[in-house]
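Listed here are the chains, written in short residue letters.
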Amino acid sequence: MSSSTVRNRKDQSAISEAEASQAKVTPRPDDGGEANTTATATAVDSDLPSSTTITTIESTTATLPGQESKSKPKPKLKPLPSERESDIRRRSLIIASFWMLVLCLGIPIWWKTTSIYRASLPLDQMKDWADGKACSPVFPLRVAIDAPELNAQETQNLIFITQHALDTMPDFPGNRLRLEPAPQAPLEATAAPNDHKDEALVVRLTPGDAAQSVPAPSLDSHVPVLDITYPWDARFSPETQSSGVATYIASQLSYAFAEEQAIMSYFLGEPTISSDHHQRQSSHTGTDESLAKRMTRSMKYSGTYHLTFSLFTSASSPSSWDIDTAIDDYMRPVLDLLQPIHNFTIDTQVQLYAVPGVQSQVLTKEDLSSFVNAAEWPLSPSIGGAPTLNFVIFVGNQTIGMNAGEDLSRSWLAPQWGSVYLLSPPASSHVSSPSLKQPMLTFASHLLSLLGTPQSGSLPMRLSTLTRVRSVDMLLRASSSLGSLARLSLALPSISIPSSVADGVAKSIHHLELACSKLGTTESLEHARIAETEAERAFFEKSMVGQLYFPDEHKVTVYLPLLGPMGVPLLMGLLTEFKAWKARKQLRASSS
């Protein structure tokens, strides 16, 4: 083949390829609604061999509106094969096993490990004690009438008339004093305190001489005995409805127990206990204020007190003191009288070069609170759990400046702390026992005030009143604590109540019942003290106090991150299985 022929064939092939690339695409609608355009460029040459390739270009255009594709329909997906009953049952059992594990094992363990133990408390009984329904804190005072010169009939008539006079007194409730004849005994035996230990007071009546026209009282300073001398011509016959002697005895008894009655009214007027017929408003506001101050400065009752006697001096002298002899001579008698009510432990110390908090020569009332240098003076704290009372003697030339017209004072009482006495410097370096007489007597008086002893009457009567007052005080405190605990347990259902609290409540109620049955005696005071201690211990149980401010939001914060990841898969699996079971149920119903 010549070279010209080959050139012509190449030119024709180029033209054919150019025409094919510029061929117009003409849509041809067909029955299916699609337009397919096929442009074919064929290189025609008779001389081409049969193996020449014919190129075909097909392009598919977009479907026009209103036209449908003539492409073949998509093949349908084959349905999944139906599950076997054994597989369905196995899946259901797996889901059920998870839920059974949670319900039968997880929740019981969680409930057991997180549940709050609440011991059973006698709430109704506790509220009855708090409301004053279980025991009335008012008790009668037994007064013995000892009239050896009167016969039995006259004594009974005198007691009847005097009791009637007491019952008619508006300022003194008649159910508080109960008169009774004293047992027949020798006159000198009536002065023995043990012969009338059950009576609050013994009234000993003796006839006077012919010149005496009115009764005369005399209160014994060592025993609770009131001596009254009546006119020799006084008669107490059954026909006598009133008597001047009986009225006088009633007035003396009312005066003798007036302070105790005021203290009882003060206690019963407190909101710790309610008693409709015993709450009375005091007629004297000043008396209420005085009692409030006295109760504020007195110590809380304790079976044992620790007494610390300290000698402080700003120089090197005095360096010793005869404190043991002074305590035995001037303090021991008072401590022995207080022995049925309180026990005392004693220690002493001497401190040289002790600088007071205020160094002025004349101390004002404002300086007294800062005179004790608590930062540098080695004052003993409470030892062995017993409250400590401090009695300080400071050797110096300081005095206490009082108001105009008042004498200078050398001592003062610190409420619920103790007492301070300013002693003039002695001539030698040793303080003798006689020099300590006045400080010890002052400390004895202040000790009685710090213990809450009444101020009027003889010392035996004051101590007898102190026993009864402390018994009522402890009973009211224990009852108030039980009521507060009952209200707390009802207000906070989620608070823990350990078994120790229930045991303390049971012991407190038991001793309250014993104290109420023997109210006014030293045994009652001891039972009331134990009841108050047990009630306070139960109320301030440390495992309960820690949960008073435990909010519910804290529980949500703890449990939500744990229960969320575990609960969602369980709930979704249960919901999916329920839907599948419901679909199978509908399929069976339609097929049948």
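Everything discussed here concerns the structure shown above.
Here goes a summary of the coordinates provided. Quick caveat, the model's predicted, so the values are computed rather than measured.

With 4 bridges joining them, strand 6 (residues 216–219) and strand 7 (residues 225–230) adopt antiparallel strand pairing. When the sheet's bridge partners are listed, L219 is paired in strand 7 with L226. Connecting strand 6 to the next strand, strand 7, in antiparallel fashion are 5 residues.

The next thing to look at is the environment of Y559. Mapped onto the elements of the fold, Y559 is located in helix 14 (residues 552–591). When its relative accessible area of 28% is taken as the criterion, Y559 is described as partly exposed. Here Y559 is in contact with W110 and T114, once residues within four sequence places are set aside.

Through backbone hydrogen bonds, the strands of a sheet pair up, either in parallel or in antiparallel fashion. With mixed pairing, the 5 strands of this open sheet are ordered in space as 10-8-12-15-14. Pairing within the sheet leaves two strands with one partner each, and these edge strands are strand 10 (343–351) and strand 14 (411–414). Between one strand axis and the next, the sheet turns by 15° as a mean value, whatever way the strands run. As paired elements, strand 14 and strand 15 (residues 418–423) share 4 bridges and run antiparallel to each other. Counted as the bridge partner of S411 is Y421 from strand 15. Against the sheet, helix 8 (residues 323–337) engages strand 8 (304–313) and strand 10, with an angle of about 150° to strand 10. Helix-sheet contacts for helix 9 (residues 437–450) involve strand 8, strand 10, strand 12 (388–395), strand 14 and strand 15, and the interaxial angle to strand 15 is about 160°.

Interaxial distance between helix 10 (residues 459–491) and helix 11 (residues 499–517) falls to 11 Å at its minimum, and their mutual angle equals 145°. By crossing handedness, the relation of helix 10 to helix 11 is classed as left-handed. Of the residues in helix 11, those in contact with L475, A478, S479, L482 and L485 of helix 10 are V501, V505, S508, I509, L512 and C516. Broken down by class, the residue content of the contact of helix 10 with helix 11 amounts to 9 nonpolar, 2 polar and no charged.

Glancing now at the pattern of salt bridges. The full count for this structure, using the stated rule, is 14 salt bridges. Its salt-bridge partner being D87, residue R84 comes within 3.4 Å of it at the nearest N-O pair. When its relative accessible area of 57% is taken as the criterion, R84 is described as exposed. Among the ionic pairs, D473 bridges to R477, the shortest N-O distance being 3.1 Å. Placement of both D473 and R477 in helix 10 is noted, with a separation of 4 residues, approximately one turn of the helix. Under the relative-accessibility criterion, R477 is labelled partly exposed at 36%.

Within this structure, the stated rule accounts for 1 disulfide. Bridging C135 to C516, the disulfide has an S-S length of 1.7 Å. Measuring the twist about the S-S bond at about 90°, one finds the C135-C516 disulfide to be right-handed. Here C135, found in the loop between helix 3 (123–130) and strand 3 (141–146), pairs with C516, found in helix 11; they are 381 residues apart in sequence, far enough to count as distant. C516 gets classed as partly exposed once you look at its relative accessible area, which sits at 24%.

All right, on to helix 4 (residues 152–167) then. Because an α-helix packs 3.6 residues into every turn, residues spaced three or four apart end up facing the same way. Helix length check: helix 4 (16 residues) gives 22 Å between terminal C-alpha atoms against 22 Å at 1.5 Å per residue, within 8%. Its side-chain oxygen at 3.2 Å from the backbone nitrogen of Q153, N151 defines the N-terminal cap of helix 4.

A few words now on the sheet that holds strand 3. If you trace the 5 strands from one edge of the open sheet to the other, you get 4-3-5-7-6, paired in mixed fashion. Sheet topology places strand 4 (177–181) and strand 6 at the edges, where each strand pairs with a single neighbour. Each strand of the sheet is rotated relative to its neighbour by a mean of 25°, with strand direction disregarded. Across the face of the sheet, helix 4 comes into contact with strand 3, strand 4 and strand 5 (201–207) while running at roughly 175° to strand 4.

Moving on to a nonpolar patch on the surface. There is a patch of nonpolar side chains on the surface, built from V568, M572, L575, F578 and W581 and spanning about 500 Å² of accessible area. You can see W581 is positioned in helix 14. For W581, a relative accessible area of 41% corresponds to the partly exposed category.

It is worth spelling out the pairing of strand 5 at this point. Burial analysis of strand 5 places 5 of its 7 residues in the buried class, the great majority of the element. The pairing of strand 3 with strand 5 spans 4 bridges and is parallel. Bridge pairing in strand 5 links A144 to V202. Pairing of strand 5 with strand 7, which is carried by 6 bridges, proceeds in the parallel orientation. Residue pairing across strands places V202 opposite V225, the latter belonging to strand 7.

Taken as a class, soluble globular proteins show a tendency for nonpolar side chains to be buried jointly. Membership of the largest hydrophobic core comes to 59 residues, with the highest contact counts inside it found for L205, L253, F257 and V505. The greatest single-element share of this core, amounting to 10 residues, is contributed by helix 10. I323, L338, F391 and V395 belong to the second-largest nonpolar core, a separate cluster that totals 38 residues.

When two helices pack together, their arrangement is given by the angle between the helix axes and by the axis-to-axis distance. One way to put it is that helix 11 packs onto helix 12 (residues 522–539) with a least axis distance of 8 Å and a crossing angle of 160°. By the criterion of interaxial angle, the relationship of helix 11 to helix 12 is roughly antiparallel. Relative to helix 12, the crossing made by helix 11 is left-handed. Residues V501, G504, V505, K507, S508, H511, L512, L514 and A515 of helix 11 form the contact with helix 12, whose own contacting residues are S524, H527, A528, I530, A531, E534, A535 and A538. Partitioned by chemical class, the residues of the contact of helix 11 with helix 12 number 10 nonpolar, 5 polar and 2 charged.

About the criteria used
- All residue numbers refer to positions counted from 1 along the written sequence of the respective chain.
- Since the coordinates come from a predicted model, pLDDT governs what is reported: local features require at least 70, and pairs of side-chain atoms require 80 or more to be given and counted, while whole-chain, interface and lining totals use all residues.
- Side-chain numbers come from the whole structure's heavy atoms, not from hydrogens or water.
- The pairing criterion for strands is at least two bridges between them, as found by DSSP.
- Numbered from the N terminus, helices here are DSSP runs of H or I no shorter than four residues, and strands are runs of E no shorter than two.
- Throughout this description, buried means an accessible area under 20% of the type-specific maximum (1.4 Å probe, protein chains only), exposed means over 50%, and partly exposed covers the range between.
- Throughout, a contact is declared for two residues whenever any of their heavy atoms are within 4.5 Å.
- With axes taken as lines fitted to C-alpha atoms, and helix axes fitted only over the stretch in contact, angles between N-to-C directions fall between 0 and 180 degrees.
- Should the near helix be turned anticlockwise from the far one by less than a right angle, the crossing is left-handed, and should it be turned clockwise, the crossing is right-handed.
- The classification used treats Ala, Val, Leu, Ile, Met, Phe, Trp, Tyr, Cys and Pro as nonpolar, Asp, Glu, Lys and Arg as charged, and all other residues, Gly among them, as polar.
- Salt bridge, as used here: a side-chain nitrogen of Lys or Arg that lies within 4 Å of a carboxyl oxygen of Asp or Glu.
- Disulfides are defined as pairs of cysteine sulfur atoms found within 2.5 Å of each other.
- For a helix, the expected span equals 1.5 Å multiplied by the number of residues minus one.
- For the purposes of these results, a polar contact is taken to be a pair of N or O atoms within 3.5 Å, where, inside protein, one atom must be able to donate a hydrogen and its partner to accept one; residues adjacent in sequence count only when each atom of the pair is a side-chain atom.
- Within the patch definition used here, like charges are joined within 9 Å and nonpolar side chains (Val, Leu, Ile, Met, Phe, Trp, Tyr) within 5 Å, considering only residues with over 30% relative accessible area and no salt bridge.
- Accessible surface area values rest on a Shrake-Rupley calculation with a 1.4 Å probe, where residue burial reflects the displayed protein chains alone.
- Only buried Ala, Val, Leu, Ile, Met, Phe, Trp, Tyr and Cys residues count toward a nonpolar core, and they belong to the same one when joined by side-chain atoms within 4.5 Å.
- Angle categories are assigned with fixed cut-offs, so that under 35 degrees is roughly parallel, over 145 is roughly antiparallel, 65 to 115 is roughly perpendicular, and the rest are oblique.

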